[in-house]
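Here's the letter readout for the chains.
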Amino acid sequence: MSKILVTGGAGFIGSHTAVELISSGFTPIIVDNFCNSRPSVIQRIETITNQNLVSYNLDCTDEIALRQVFNDHPDLQGAIHFAAFKAVGESVQSPLKYYHNNINSLLVLTRLMNEFNVRNLVFSSSCTVYGQPEILPVTEATEMQEAQSPYGFTKQVCERLLSDLSTGEYNQVSSVLLRYFNPIGAHPSGLIGELPLGVPENLIPYITQTAAGLRDSLTVFGQDYSTSDGTCVRDYIHVVDLAKAHVKALRYLAENDKMCKAFNLGTGTGNTVLEVIQTFEKVSGVKLSYAMGERRPGDVEQIYASADKANRELQWKTELSLEDALTDAWNWQLKLEETGTTAD
Ligand code: UFG
């Protein structure tokens, strides 16, 4: 059983990836400081997979603590690095917090990978590295634009760092950069999903919390964009599809020479905010309370992926639809209400 270090393994994408790793025969070793996730997620992954997990409560910027994990597991075959802050708005307010955490954690991790001869790394990146592209769909060859936020810049810096490591003579880290579009949904069991602390910034948790009566009304940010109905377009991808791509990426790294390669992970289809609302109403049977509002500063008008490269080279493609993702997100929200999970 190949052991894989999974930093941020209790988070939204990390927890779903841990499930997929286990069902594909890997053994995840989870590291998380639970700053934006709950320790109970570990037990929930165990319930879904019927397997005991090894996990550590530590911060990846703490080299002494992370070194202990490498010492404990000299047979690690690779790592998936999710641990990072991800709120665009917060990064503008607290840039140092973002630069410190997102960049230092990767520095510490790659230093230890070198030291302990662990070669393969899957890195959590984002379509935010593209800014507003001129041509859609976006391919990996699309030139990056100046980052719009410190968060986006940390992703660009980390990608560059990994590219440099893949060519540096004394470094051995080989990496796949996965550029996520908009991850949504939840595990169909309703046991794990997205649990933002406080008022959600992202569209889907805001929709499900409004439908559940926790928020009064959703504001649609902008209705005068040059899109089919005037609202922004995004490529919403089910988190389970996304999680499966990490397993494919690990296999790809194992089968190939040292590299640093980027892959878009999206469905290839763009949906407007109003289309998402209509689809949610259809699958949930709930009429959503919403109002049109001003544009949100920093939003790009439209972005969706060409995932051809991942289809071709990783042998990966999405299997789940927007309907599936919204059904699972709603199921997750209902389960949270049933069990009062916001408190655990
Ligand atoms: N939106 C609303 N109302 C809300 C929340 C969002 O209308 O209350 C709209 C946004 O304006 C946008 C769409 O819903 O058009 C999606 O917004 P999200 O906040 O869910 O997602 P973003 O596309 O803004 O952000 C996502 C990730 C970021 C990443 C970014 C890259 O959350 O981490 O994509 O484009 F950096």
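Residues numbered from 1 in each chain as written. Predicted model: local features only at pLDDT ≥ 70, side-chain atom pairs only at ≥ 80, totals over all residues. Heavy atoms only, no water.

Caption draft 1: Examining helix H11 (residues 322-339) more closely. The terminal C-alpha atoms of H11, which comprises 18 residues, lie 26 Å apart, in line with the 26 Å expected from a rise of 1.5 Å per residue. Those residues of H11 not exposed but buried are Leu-322, Ala-325, Leu-326, Asp-328, Ala-329, Trp-330, Trp-332, Gln-333 and Leu-336. On its buried face, H11 sits against helix H2 (40-49), strand E7 (182-184), helix H7 (203-211), strand E10 (236-238), strand E12 (271-272) and helix H9 (273-284). (Helix = DSSP H or I, 4+ residues; strand = E, 2+ residues; numbered from the N terminus. Expected span 1.5 Å × (residues − 1). Buried < 20%, exposed > 50% of the residue type's maximum accessible area, 1.4 Å probe, protein only. Contact = heavy atoms within 4.5 Å.)

Caption draft 2: Up close: the sheet that holds strand E11 (residues 260-265). With parallel pairing, the seven strands of this open sheet are ordered in space as E3-E2-E1-E4-E5-E6-E11. Strands with a single pairing partner mark the edges of an open sheet, and in this sheet they are strand E3 (54-57) and E11. Adjacent strand axes in the sheet meet at a mean angle of 20° when their direction is disregarded. In this sheet, strand E5 (residues 120-126) lies alongside strand E4 (residues 76-81) in parallel orientation, the contact comprising four bridges. Looking at E5, one finds that His-81 is bridged to Phe-123. Helix-sheet contacts for helix H8 (residues 239-255) involve strand E1 (3-7), E4, E5, strand E6 (174-180) and E11, and the interaxial angle to E6 is about 160°. (Pairing = 2+ DSSP bridges. Axes fitted to C-alpha atoms, helices over the stretch in contact; angles between N-to-C directions.)

Caption draft 3: The arrangement of the packing of H9 against H11 in detail. Two elements in contact, H9 and H11, have axes separated by 9 Å at closest approach and are oriented at 65°. You can see that H9 and H11 cross each other, and the crossing is right-handed. Taken together, the residues of H11 that come into contact with H9 (itself represented by Val-276, Thr-279, Phe-280, Lys-282, Val-283 and Ser-284) are Leu-322, Glu-323, Leu-326, Thr-327 and Trp-330. In terms of residue class, the contact of H9 with H11 is made up of six nonpolar, three polar and two charged. (Left-handed = near helix turned anticlockwise from the far one by under 90°. Nonpolar A, V, L, I, M, F, W, Y, C, P; charged D, E, K, R; others polar.)

Caption draft 4: Representation of the side chain of Ser-37 in the model. On the secondary structure map, Ser-37 appears in the loop between strand E2 (27-32) and H2. Among the polar contacts made by the side chain of Ser-37, one reaches the side chain of Asp-32 at a distance of 3.2 Å. In this structure, Ser-37 is in contact with Ala-10, Gly-11 and Asp-32, ignoring residues within four places of it in sequence. (Polar contact = N/O pair within 3.5 Å; in protein donor to acceptor, adjacent residues only side chain to side chain.)

Caption draft 5: The arrangement of the packing of aromatic side chains in detail. Scanning the entire structure with this criterion turns up five aromatic pairs. On the numbers, 5.3 Å between centres and 40° between planes, the contact of Phe-70 with Phe-116 is tilted. Residue Phe-70 is found in helix H3 (residues 63-72), and its partner Phe-116 is found in the loop between helix H5 (95-115) and E5; the two are separated by 46 residues along the sequence. For Phe-70, a relative accessible area of 1% corresponds to the buried category. With a centroid separation of 6.2 Å and an interplanar angle of 80°, the aromatic rings of Tyr-99 and Phe-153 are classed as edge-to-face. You can see Tyr-99 sitting in helix H5 and its partner Phe-153 sitting in helix H6 (residues 150-167), a full 54 residues away along the chain. According to the relative accessible area criterion, Tyr-99 is partly exposed, its value standing at 30%. (Phe/Tyr/Trp six-rings, centres within 6.5 Å; stacked < 30°, edge-to-face > 60°.)

Caption draft 6: Just the nonpolar core, in detail. In this structure, Ile-45, Val-176, Leu-178, Leu-265 and Trp-316 are the most contacted members of the largest nonpolar core, which totals 40 residues. Mapped by element, the contributors of at least two residues to this core are E1, helix H1 (12-23), H2, E6, H8 and E11. The dominant element in this core, judged by the number of residues it contributes, is H8, at nine residues. Discounting residues that sit within four places of it in the chain, Ile-45 has contacts with Gly-9, Ser-15, Ala-18, Val-19, Ile-22, Ile-30 and Leu-53. Among the nonpolar cores identified, the runner-up in size contains 29 residues, and Ala-83, Val-108, Val-118 and Cys-158 belong to it. (Core = buried A, V, L, I, M, F, W, Y, C linked by side-chain atoms within 4.5 Å.)

Caption draft 7: Broad picture of the site of the ligand. Around the ligand lies a shell of 20 residues, among which Leu-203, Thr-219, Arg-234, Arg-296 and Asp-299 are the nearest. A distance of 3.0 Å is found between an oxygen atom of the ligand and a side-chain nitrogen or oxygen belonging to Asn-182. Within the side chain of Arg-296, a nitrogen or oxygen atom sits 2.8 Å from an oxygen atom of the ligand. In isolation the ligand has 690 Å² of accessible area, and contact with the protein removes 88% of it. In terms of residue count, the dominant contributor to the shell around the ligand is strand E8 (residues 218-221) (four residues). Residue composition of the shell around the ligand, grouped by class: ten nonpolar, five polar and five charged. Residue assignment places the shell around the ligand across two domains, with domain 1 (3-184 + 236-265) and domain 2 (203-234 + 268-339) each supplying three or more. (Near = heavy atom within 4 Å. Areas by Shrake-Rupley, 256 points an atom, 1.4 Å probe, with all protein chains shown as cover. Domains from an automatic or database assignment.)

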